[in-house]
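Each chain, letter by letter, is given below.
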Amino acid sequence: MWKNKNVWIVLSGEFIAGLGLWFGIIGNLEFMQKNVPSDFMKSLILFIGLLAGVLVGPLAGRMIDSCSKKTVLIYSGLGRMLSVVFMFMAIQFDSLFFMILFMISIQLSAAFYFPALQAVIPIIVKDKDLIQMNGVHMNVSTMARVLGTALAGALLVFMSLTSIYALSMAAYAILFGATFLLDFKEEKREQSKSGNSGSFKEVLPVLKATPIAITALVLTIIPVLFIGGFNLMVINISELQDSTSIKGLLYTVEGIAFMIGAFFVKKITHRFSSVHMLFAFALLISIAHLSLFFSDIMWMSLISFGVFGLGVGCFFPIVSTIFQTKIPKEYHGRFFSFRNMLDRVMFQVVLLGTGLFLDTIGLQFMVLIFGTLSLTMVVLYGMKYFQKTEVRNLSESK
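All values reported here derive from a predicted model rather than from experimental measurement.

Asks: I'd like a rundown of the overall build of the protein, residues and numbers included.
Replies: Counting its regular elements, the protein contains 16 helices and zero strands. Each principal axis of the C-alpha distribution contributes one length, and for the protein these read about 65 × 45 × 40 Å. In the protein, buried positions account for 55% of the 398 residues. Within the protein, residue pairs in contact and separated by at least 24 positions form 84% of the contacts whose partners lie at least 6 positions apart. For the protein, the accessible surface area stands at approximately 17600 Å², while carbon and sulfur atoms represent 69% of it. Within the protein, one finds 30 positive and 21 negative side-chain charges whose respective centroids are separated by 9 Å.

Structure representation (structure tokens):
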């Protein structure tokens, strides 16, 4: 795998773009803290961008499956780079309107870029190396997040927001240039004669025939319940503890734990069933969410974020590998766009719910609600899945 030029281009490009992404996210938080007093209003601004990404999901899926994936990556990368111009205007005119345009444009680009990248990975990497590639890819993204948040936080002390976004734009420009260096062959997909050619309807029968993929999709809701309100929770914990330094510590602890998890899961993936591991790590994530009830205590909040990072670091490489290997490659564009849409819808619901709950009942009671919901899903869906599996095994043995 490591001798593959495309692998190095993808990983190095993602690391640099990840720095740009997190420079931008820290910049967004800083801009909103100065201009938007309400947590619910902050969540609404983020919601608008995510909604735009959902609306173009079907189009993105069709284009990824019918066009050159490299071309989709190039144009969406260009869109990410140019979207930063709106943030320059938002800072110049102190305007939330231009920030909303920035959120919309960058999420539209992401709606094409990330499903296309997920569809490219199984083309450039052999099936036996996929879980390693997914783990390394996520670790690279996490290292970019840890370094990006730390650097952005430090640079904000003596640099303007405009300079932070200029660095973000430069990172996207490097990714845009690196994409041209990708060199891989992909099979041309012939358009079917049916009226549903290239639609999400063609993905549904594939999902029905792949129960493990459906299980993975359902369980993905659990980490999204945490991740959807991640940034708002970090801000709230900072205010709850009256500490600005806790923000960087939370991101760092979660990021390091994530990298450990992504490394650890590679060591155990051949010893345990993928489904068993998915349920185990979903349970761990639920416990981490519940433990945030004690987030007013510094060391407890750090443990909660660390346990969560470890859980998702193991969870997501398994999920990605299941999707990449169990779903036929000719459906990857539409499937990953479909999954991207589901994630974004869940993000929107969780984001709005988080903002509303933080303004009304507070962080500690909110995490009890979300954590209990996660735990209930693990128990109920786990019992249902394993009962079905037991019945199926009994019928096959007869």
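Structure shown, so let's carry the discussion forward.
Asks: Could you give an account of the packing of helix H13 (residues 274–291) against helix H14 (residues 298–326), with specific residues and numbers?
Replies: Two numbers describe how H13 lies on H14: the axes approach to 8 Å, and their chain directions differ by 155°. In this view, H13 runs roughly antiparallel relative to H14, as classed from their interaxial angle. You can see that H13 and H14 cross each other, and the crossing is left-handed. Contact residues: H13 offers Ser274, Met277, Leu278, Phe281, Ala282, Leu284, Ile285, Ala288 and Ser291, while H14 offers Met300, Ser304, Val307, Phe308, Leu310, Gly311, Val312, Cys314, Phe315, Ile318, Val319 and Ile322. When its residues are assigned to classes, the contact of H13 with H14 shows 17 nonpolar, four polar and no charged.

Asks: Explain the side chain of Ser301 residue by residue, including any values.
Replies: Along the chain, Ser301 falls in helix H14. Here the side chain of Ser301 touches Gln241 through a polar contact of 3.1 Å, side chain to side chain. Apart from the residues lying within four places of it in its own chain, the contact partners of Ser301 are Ile237, Gln241, Ile246, Leu250, Phe294 and Ser295.

Asks: Can you lay out H14 for me, pointing to particular residues and giving the numbers?
Replies: Since the α-helix advances by 3.6 residues per turn, residues separated by three or four positions end up pointing in the same direction. Its 29 residues place the ends of H14 42 Å apart at the C-alpha level, agreeing with the 42 Å of an ideal helix rising 1.5 Å per residue. In terms of burial, H14 is largely enclosed, as 22 of its 29 residues are buried.

Asks: Please set out the packing of helix H4 (residues 69–93) against helix H5 (residues 96–124) residue by residue, giving values where relevant.
Replies: Where H4 contacts H5, the axes come no closer than 8 Å and their chain directions differ by 160°. Regarding the angle of H4 to H5, the classification is roughly antiparallel. When the axes of H4 and H5 are compared, the crossing they make is left-handed. When grouped by side-chain class, the residues that make up the contact of H4 with H5 number 21 nonpolar, six polar and two charged.

Asks: Please set out the packing of aromatic side chains residue by residue, giving values where relevant.
Replies: Tallied over the entire structure, the rule returns 17 aromatic pairs. A ring pair is formed by Phe226 and Phe308, whose centres lie 3.8 Å apart and whose planes are at 10°; its orientation type is stacked. Here Phe226 is found in helix H10 (residues 221–227), whereas its partner Phe308 is found in helix H14, with 82 residues between them in sequence. An identical accessibility class is assigned to Phe226 and Phe308; each is buried. Measuring from centroid to centroid gives 4.8 Å for Phe323 and Phe335, while their planes differ by 65°, and the two rings are edge-to-face.

Asks: I'd like to hear about the environment of Thr149, residue by residue, with values.
Replies: Relative to the assigned elements, Thr149 resides in helix H6 (residues 130–155). Here Thr149 falls in the buried class, since its relative accessible area comes to 8%. When the C-alpha positions of Thr149 and Gly362 are compared, they lie 25 Å apart, and in sequence the two are 213 residues distant.

Asks: Would you mind going over the pattern of salt bridges in detail, with residue names and values included?
Replies: A side chain with one charge can pair with a side chain of the opposite charge if their charged atoms come near. For the structure shown, the criterion picks out one salt bridge. Glu30 is paired through a salt bridge with Lys34; the nearest N and O atoms lie 3.9 Å apart. Here Lys34 and Glu30 lie together in helix H1 (residues 5–35), a separation of four residues that amounts to about one turn. Residue Glu30 is classed as partly exposed on the basis of its relative accessible area of 26%.

What counts, and where the lines are drawn
Residues numbered from 1 in each chain as written. Predicted model: local features only at pLDDT ≥ 70, side-chain atom pairs only at ≥ 80, totals over all residues. Heavy atoms only, no water. Helix = DSSP H or I, 4+ residues; strand = E, 2+ residues; numbered from the N terminus. Buried < 20%, exposed > 50% of the residue type's maximum accessible area, 1.4 Å probe, protein only. Contact = heavy atoms within 4.5 Å. Areas by Shrake-Rupley, 256 points an atom, 1.4 Å probe, with all protein chains shown as cover. Lys, Arg positive; Asp, Glu negative; His and termini not counted. Charge placed at Lys NZ, Arg CZ, Asp CG, Glu CD. Axes fitted to C-alpha atoms, helices over the stretch in contact; angles between N-to-C directions. Parallel < 35°, antiparallel > 145°, perpendicular 65-115°, else oblique. Left-handed = near helix turned anticlockwise from the far one by under 90°. Nonpolar A, V, L, I, M, F, W, Y, C, P; charged D, E, K, R; others polar. Polar contact = N/O pair within 3.5 Å; in protein donor to acceptor, adjacent residues only side chain to side chain. Expected span 1.5 Å × (residues − 1). Phe/Tyr/Trp six-rings, centres within 6.5 Å; stacked < 30°, edge-to-face > 60°. Salt bridge = Lys/Arg side-chain N within 4 Å of Asp/Glu carboxyl O.

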